[in-house]
Every structure is written in C-alpha cells, then in structure tokens.
Amino acid sequence: MNSDIALVDLWASSGRSTWHRASALAKMAFLAALLFAVITTREPVVLGVLLALVLACLASARVPLGAALLLGLYPVIFSSLFVLSRWDGTWQTPALLLGRSLASSLGAVLLVATTPYPDLFAPIARVTPRLVGDGLFLTYRAFFGLLHRADRMWVALRLRGGLTGRGLPRDLRYAGEGLGQLVLHSFDRSQRLYAVMQIRGHSGRVCGCRHWADFSVADILPLGLAVLVVAAAVLYGATR
Amino acid sequence: MTHLHIADGVLPVPLWLAGLLLAGGIVALVSFRHRNDRADRLALLGALAAVMLAAMAVPLGPFGHLGFAPVVGILLGPGLGFVAALLVNAILALLGHGGITVVGLNACVLGAGTALARPLYRAARARFAPGRSAAIAAVGSGLASVLALWVVLALAGLEPAALAAAEAGHDAGAGHEVHAAVASTARFFALASPFWALGLAGEAVLSALAVGFVARVQPGLLP
C-alpha cells in the first residue's frame, strides 16, 4: 500500500491532462455527483455505465488503468465478505454492492491521481477543525519521510538475515522491533518538524493555500460531467 | 486487521450520515479539549498517523493487514488517538481503500479501539511489563473495534421502518426481516472471524514487541 500512495502522488504532480489543470473544487463536485448517482441507483446496468464513465475519465487523465483498477479493487475484496453474507440468491445484489464499491473508489482515485495533495487538503482544511485540516497535511507529509525510512529498514532487515521466512518467532521479533524503531523515528521527526514550524513563524495554522479554487476553462469538463451525472440519476430515478 | 474498510453504497444512508455526525462530534470535542496544545502535539499526531499508514503495509493473513491502532492509541491517548484513526481513514478513502461517505463510521470503528488502548495499557501496567501490557491493550482494543463493527453491520441490516413495525407487533413480514438481518450479520461474523482471530494475534504480538522496544530505548515516551 505504501507504494500505491507514492504512485498516486507521482501521477498527481506529474500529469498535464485537462483533469490535472482543473481546480480541486470542480473535481470534488464531480466526485460528489458520482457518489450521489452510485448510492441512489439500484440498477446494475446504470452502475456499469457509471463505471465505464469513470474508467474513460481515468484514461483521459492518462492515469494507468491497470494500476488504478488494482487500487479500486482493494475495497471490493473487503466488501466481498459482506456481500457473501448478504447474498439473497440473485446476481443483482452482489453486482450492485460490488459495482458501487468499485465505481466510488475509482472516482476517489481519479480525484487524488489528478490533484496535488496541498490543493486537495486545502479546501478540506477550511471546513474542518485544525486537528483534522492540519493533521491531514502533516500526516501526508510525514508519511513520505517515513516511507523512505521504512523501505530502507525492511531491506536492511532482509539483507542481515532478520526476515528470512524460516523462523516465525524470530521474524516477528525483528518486525516488531523494526516498527518500534519507526515509532521512535517519527517522534524525533515530529520534534524537528515543530522546530522548523517555529523558525518559519508558524502562527497556529498550516497554510495550504494554492490553486484549489483557481477556476479555468479546464473546469468545464468535471463540472459538466457532474451536472450530467446528477441529471441522469434524477431523471432515471423519476422514470422508474 | 480488526477493522474493515466498508465501501461506499454498501450501508444505508441514515447509518453513514449518523457515523459522520458522531465522528464529527467527537472530533469537535477533542479539538476543544486540545485547543491550547502546542503545535508539537499536532506534529506528533501527524507523525503517528503516518506510522499507522506505514504499518498497514504489513500483511496479516489473506484478507488483512496490521492496523497499529493500539500502539498509536497508547502513545497519543484516547482523544488524539481517535483523530489519528479519522485521519488515516480519510487518507485511505481518498486512495480508494474504503468509502468516502463512510469515513465517519470507519473512524468510529477503528477509533473505538484506538481510544481504549491507553486506559487498558495503564490498567495492565499495574501488574505487567510494558510489552505484555501492550499485548493486553491490543487484544482489548481489537475486540472493541470488532464490537463496534458488529453494531454497525447489525444496524445496517435493519430497516428502521421494519424494526418499528416489528416492535409494535403489527407486521409479521417485518419480524421476518429483522430475523433475516440478524442471520446475515451472524453469517458475516462466521465468515470473518478466522481472519479477525489471526489479525488480533498478529496485532497483539507486534504491538507487544514494538512497545517493548520503545520501553527499552525511550521509556519516557510511554504513559
């Protein structure tokens, strides 16, 4: 999962498509519209159309479809146990539940894969308490520092015979102590980050203001699709 | 491992709306309580939430991964531990690893365990060493998360109208629906319990080892 986050971050910051140029707010509106349609529909065929639309959007944003599908399938695996327990003998119920999981998670992947994280978290930080808004920034930032450290540590453990796969108790001991090491590192890192925040004149709020509300012509695509999806969902619901 | 990434569109709307309200209320309360904290607490919250995300890359069996919520709960305490659970679920939801609409419910499920970890650890420390106390806290915290998830899923199967009719004894069909919902929730737990048992054991062992290591190297960090 660590490499997934790094990959999504790379797609978001290096892409140049219309989706990447659109503002974070417009893409959030599209995701909200998609979620509305996904949740309200009871027809597997409609879900199929929504799924095809999200896949087309991902392709137009030049996000690698295979990798995006793998990310989207993750919650589907978890939902499968729930779906199995609720199975009523028809194919529609599992198709509906799994289709909803996949369409909504691919919609979320489209948003994060085309929006750099400061633009993504800035509007959220405006409407949430400081602990959540600033916490999102700091968690995401700290994660990348930790990611590199964790990868080096697991490699070092393997190279030195710490994780051989031959003795479970010994492997567990080294893995547990490795995690303890990560905890200590994160403590040190948070202290250093606090010192840096003080030096830079931190005034009680991490600022995440960038281009999240810079509206441009590129916003027509997500906003137009959002209107279309909501209108189609409402009209289809009214005619059923 | 003891929490489940519930996806969008699986649970009824009133349930996930209630989850968002509950999680929002708890966060508002915690924010008010910690309003005068220095910024280093915020930096620590971010750092430990990031550790939770990094630890989730450690697989525990075919359907799960390490959660590390008990260790983060022990280090941060109940309030900030709950916020860390919310942050982790929000980032996971944005990555497609769980629903956006159910961030509140997922946070309540994972946060129930995180919030209990420190009180359980403190109670166990009166008799046991840090590592063993962390294992006890991890088991207790994992069970709390499973219980919270059980409540969510049981509520998910019960349509409010059917429940009201069944309680009033008006509708035999509604009573049947309630029984069916209870049966499907029980079926889900029968399917998931082997994975939970495996995850709970792994979580307890790794939490004990990690906390034992912290206790040896920097004991001052533990409560």
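Just so you know, the residues in each chain are numbered from 1, in the order the chain's sequence is written. Written order determines the labels here, with chains lettered from A and ligands numbered from 1. A pLDDT threshold of at least 70 governs which residues receive local features in this predicted model, and a stricter bar of 80 or more applies before side-chain atom pairs are shown or counted, although totals over entire chains, interfaces and linings include all residues. In computing side-chain properties, one takes all heavy atoms of the structure into account and sets aside hydrogens as well as water.

Enquirer: Talk me through the side chain of D171(A); I want residue IDs and the actual numbers.
Expert: Residues and elements named next belong to chain A. Helix and strand definitions follow DSSP, with helices as H or I runs of at least four residues and strands as E runs of at least two, each counted in order from the N terminus. On the secondary structure map, D171 appears in helix α9 (residues 168-199). Accessible area is worked out with a 1.4 Å probe on protein chains only. A residue is then buried under 20% of its type maximum, exposed over 50%, and partly exposed in between. His is not counted, nor are the chain ends; Lys and Arg add positive charge and Asp and Glu add negative charge. Any carboxyl oxygen of Asp or Glu that lies within 4 Å of a side-chain nitrogen of Lys or Arg is treated as forming a salt bridge with it. Summary of buried charges: D171 has no salt-bridge partner, and the nearest side chain of opposite charge, R170, is 4.7 Å away. Discounting chain neighbours no more than four positions away, the residues touching D171 are G162, L163, T164, G165 and R166. Residue contacts are defined here by distance: any two heavy atoms, one from each residue, within 4.5 Å place the two residues in contact.

Enquirer: How would you explain the interface of chain B and chain A if you had to name every residue and give the values?
Expert: Each partner contributes to the interface: chain B provides 73 residues, whereas chain A provides 66 residues. Carbon and sulfur atoms make up 78% of the area that chain B and chain A hide from each other, which totals about 6,000 Å². Contact with chain A buries area across many residues of chain B, yet L42(B), L94(B) and L95(B) alone supply 11% of it, more than any other trio. Counting across the interface, chain B meets chain A through one salt bridge. Here E177(A) and R216(B) are joined by a salt bridge, their closest N and O atoms 2.8 Å apart. Polar contact criterion, stated in full: a pair of N or O atoms within 3.5 Å, where within protein one must be able to donate a hydrogen and the other to accept it, and residues adjacent in sequence count only if both atoms are side-chain atoms. At the boundary of chain B with chain A, the tally comes to two residue pairs in polar contact (both at pLDDT 80 or more). Of all the secondary-structure elements, those providing two or more residues to the side of chain B that touches chain A are α1 (13-33), α2 (39-55), α3 (69-76), α4 (78-94), α6 (130-156) and α8 (172-217) of chain B. Using a 1.4 Å probe, buried area is obtained as the accessible area two parts lose upon being combined, added over both of them.

Enquirer: Break down the environment of A61(A) for me, with residues and values.
Expert: Residue and element names in this part refer to chain A. With respect to the secondary-structure elements, A61 resides in the loop between α4 (44-60) and α5 (65-85). A61 gets classed as buried once you look at its relative accessible area, which sits at 2%. For A61 and T114, which are 53 residues apart along the polypeptide, the C-alpha to C-alpha distance reads 7.3 Å.

Enquirer: So what about unusual backbone geometry? Which residues, and what values?
Expert: Phi is positive for R62(A), close to 60°, though the residue is something other than glycine. Within the secondary structure, R62(A) sits in the loop between α4 and α5.

Enquirer: Go over the pattern of salt bridges, please, and point to the residues and values.
Expert: All names here are of chain A. This model, assessed by the stated rule, comprises two salt bridges over all chains. Here R130 makes a salt bridge to D134, at a shortest N to O gap of 4.0 Å. Remark: D134 and R130 occur in helix α8 (residues 130-159); sequence separation between them is four residues, near one turn of the helix.

Enquirer: Describe the environment of V27(B), and please don't skip the residues or the numbers.
Expert: Here V27(B) lies in helix α1. V27(B) sits 17 residues away from L44(B) along the chain, and the two C-alpha atoms are 17 Å apart. Look past the residues within four positions of V27(B) in its chain and what remains in contact with it is P129(A), V132(A), F82(B), V83(B) and L86(B).

Enquirer: Describe α2(B), naming the residues involved and giving the relevant values.
Expert: Over its 17 residues, α2(B) extends 24 Å from the first C-alpha to the last, a length consistent with the 24 Å expected when each residue adds 1.5 Å. Where burial is concerned, most of α2(B) is hidden: 16 out of the 17 residues are buried. Multiplying 1.5 Å by the residue count of a helix minus one yields the expected span of that helix.

Enquirer: So what's going on with the nonpolar core? Residues and values would help.
Expert: Think of a nonpolar core as a cluster: buried Ala, Val, Leu, Ile, Met, Phe, Trp, Tyr and Cys residues, connected wherever their side-chain atoms sit within 4.5 Å. Judged by nonpolar contacts, the single largest core of 115 residues is most densely connected at L179(A), V183(A), L45(B) and F68(B). For this core, the element with the most residues is α8(A), which contributes 14 residues. Apart from residues no more than four positions distant in its own chain, L179(A) is found in contact with M153(A), W154(A), A55(B), L66(B), F68(B), L206(B) and A210(B). If you look at the next biggest cluster of nonpolar residues, it comprises 23 residues, including L97(A), L149(B), A156(B) and A192(B).

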